[in-house]
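Observations on the three-dimensional arrangement
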Amino acid sequence: MKQHLVIFDTTLRDGEQSPGASMTKEEKIRVARQLEKMRVDVIEAGFAAASPGDFDAIQAIAQTIKDSTVCSLARANENDIRRAGEAIKPAKSGRIHTFIATSPIHMEKKLRMTPDQVVEQAVKAIGWAREYTDDIEFSAEDAGRSEIDFLVRIFDEVIKAGATTINVPDTVGYNIPEQYADTVRQLIARVPNADKVVWSVHCHNDLGLGVANSLAAVLAGARQVECTINGLGERAGNASLEEVVMAVRTRADVFPVETRIDATQIVPASKMVSQITGYPVQPNKAVVGANAFAHESGIHQDGVLKHRETYEIMRAEDVGWSQNKLVLGKHSGRNAFKSRLQQLGIELDSDEALNAAFARFKELADRKHEIFDEDLHALVSDDVVMPEHEHYKLVYSHVCSETGEMPLAKVILNVGGVEHRGEAAGGGPVDATFKAIESIAGSGAELLLYSVNAITTGTDAQGEVTTRLAKAGRIVNGNGADTDIVIASARSYLNALNKLYSTLDKVKAQGDV
Ligand code: KIV
Ligand code: ZN
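Here the structure is a predicted model, which means the values were calculated and not measured.

Rules of the game
- Residues numbered from 1 in each chain as written.
- Chains lettered and ligands numbered in written order.
- Predicted model: local features only at pLDDT ≥ 70, side-chain atom pairs only at ≥ 80, totals over all residues.
- Heavy atoms only, no water.
- Phe/Tyr/Trp six-rings, centres within 6.5 Å; stacked < 30°, edge-to-face > 60°.
- Helix = DSSP H or I, 4+ residues; strand = E, 2+ residues; numbered from the N terminus.
- Buried < 20%, exposed > 50% of the residue type's maximum accessible area, 1.4 Å probe, protein only.
- Near = heavy atom within 4 Å.
- Polar contact = N/O pair within 3.5 Å; in protein donor to acceptor, adjacent residues only side chain to side chain.
- Areas by Shrake-Rupley, 256 points an atom, 1.4 Å probe, with all protein chains shown as cover.
- Nonpolar A, V, L, I, M, F, W, Y, C, P; charged D, E, K, R; others polar.
- Pairing = 2+ DSSP bridges.
- Axes fitted to C-alpha atoms, helices over the stretch in contact; angles between N-to-C directions.
- Contact = heavy atoms within 4.5 Å.

With that settled, consider the packing of aromatic side chains. As enumerated under the stated definition, the model contains 8 aromatic pairs in all. Ring geometry for Phe337 versus Phe358: centroids 5.4 Å apart, planes at 50°, classification tilted. A residue pair is termed long-range when its members are at least 10 positions apart, and Phe337 in helix 12 (residues 334–343) and Phe358 in helix 13 (residues 351–367) qualify at 21 residues. Both residues of the pair, Phe337 and Phe358, count as buried. Ring geometry for Phe434 against Tyr450: centres 5.7 Å apart, planes inclined by 85°, an arrangement best described as edge-to-face. Of this pair, Phe434 sits in helix 16 (residues 429–441) while Tyr450 sits in strand 14 (residues 446–454), placing them 16 residues apart in sequence. One aromatic cluster in this structure is built from Phe138, Phe155 and Trp199.

Here's what the structure looks like:
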């Protein structure tokens, strides 16, 4: 009989701590819905005390999600815990995750607290958290570099105080599998009442060992793994959800646990997170990379054709890769379009959003021969489904680009209901277009990232553009897709400007707290 392995997804919290990966409230809700659909057990929706924007997003997710526990992170202080408690209040099932550092270097140099003070603060934190929920997780930050005797002591105290999940983070990705597994095994053996709590692991990937350490810990008795989609996260990232889940499933002969994850939702989740954050997935990334199931060498191709399992340990379709072309064409109706979106797990909130996406679909179908599911995912970005949120709208764009001449762009923007014209020369057509937009918007935002990816194959593929802008300490990602990459770029730039314009409440990044 297999035991349950709790999958705790922290894409919306630790994942969002990747530089530039910040998401809007609407984007976080979209990701949370996808995580729920994938049957993640716990969604760490954010860090409520980090900013009013984070608080709102957690609260909205708590109101929306019914089939996963919704969790907020909180430092071990009263204000953080009360903010977390308030944010998760609407959740059907809510958790507070509180943490304090336990390694000598963190206690002495960062917290400037003695070990006794740290234990006392941790116990108090659990007391405050219990005013809101019985589902309380305690993390010993930098447990990977903490003394085992001290971990035994603090875990004993917080369990007595009411913690129900005990997390042993390798915060700086310093551990190696055998040693980390040994730490977890010793803790489970030595901490009183260890069998009354769920033991959890949270491994960073600084040495590329996040997944290996997490899996070694599962073999040592851990029954919760904290992970993120595409391994997104602080610095080198966190253990990747898709790799942990598929390892446990593919090597069921080795692992005494099973998850409740619907693996067919993994690739859609990966694409969604990559599109929203602007973090591309490397082609050779396990499970979700474009080449993860591609066989290049003749010997491999021959083997797979003769018997798939000669070179494949998982099936692409089991993790959600599909070859599905849209069987609808430009003459297809709104209902057929809507039902394909539903099959893809894309739910639009209003008829207005559906109409806007459908209009874009028709427009695309006129220009593009075959429409793939990936095209549909790109169609539902914010600027398409929520045009009313757009302060800046693209009305017209023209670029003149000739050999030996400097490209010149002209744009017309609708800004808050009034049309403005701008024009500029630039190093290339995209540069000229961005400058023409700025000649109107005058945002002064700094361009941190510009990237273009072909969504599908063929020269008529849509280019998906991500533009990352920074202004006044805030960073936003804009997306745009079109078969014309200058138009896609203009849309992506305007999408980022609209986010800068509308998310003024997000005054502090998580890392600033
Ligand atoms: O890496 C870490 O230690 C964390 C904790 C807050 C769990 O993210
Ligand atoms: Zn972390």
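Around ligand 1 lies a shell formed by Arg13, Asp14, Leu73, His97, Phe99, Ser139, Glu141, Asn167, Pro169, Thr171, His202 and His204. Within the side chain of Thr171, an N or O atom sits 2.6 Å from an oxygen atom of ligand 1. Protein coverage of the free-state accessible area of ligand 1, which is 260 Å², stands at 94%. Elements with a contribution of two residues or more to the shell around ligand 1: strand 5 (94–101), strand 6 (136–141) and strand 7 (165–170). Grouping the constituent residues of the shell around ligand 1 by class yields 3 nonpolar, 6 polar and 3 charged.

Before going further, it helps to examine the sheet that holds strand 12 (residues 408–415). Taken together, the 3 strands give an open sheet; going across it, the order is 11-12-13, and neighbouring strands pair in antiparallel fashion. Unpaired on one side and paired on the other, strand 11 (392–400) and strand 13 (418–425) mark the two borders of the sheet. Averaged over all neighbouring strand pairs, the angle between strand axes comes to 15°, with direction disregarded. Contacts from helix 16 reach strand 11, strand 12 and strand 13 within the one sheet, and its direction differs from that of strand 13 by about 135°. Packed on one face of the sheet, helix 17 (residues 485–502) meets strand 11 and strand 12 and runs near 150° to strand 11.

On their own, these measurements won't tell you what the molecule is for.
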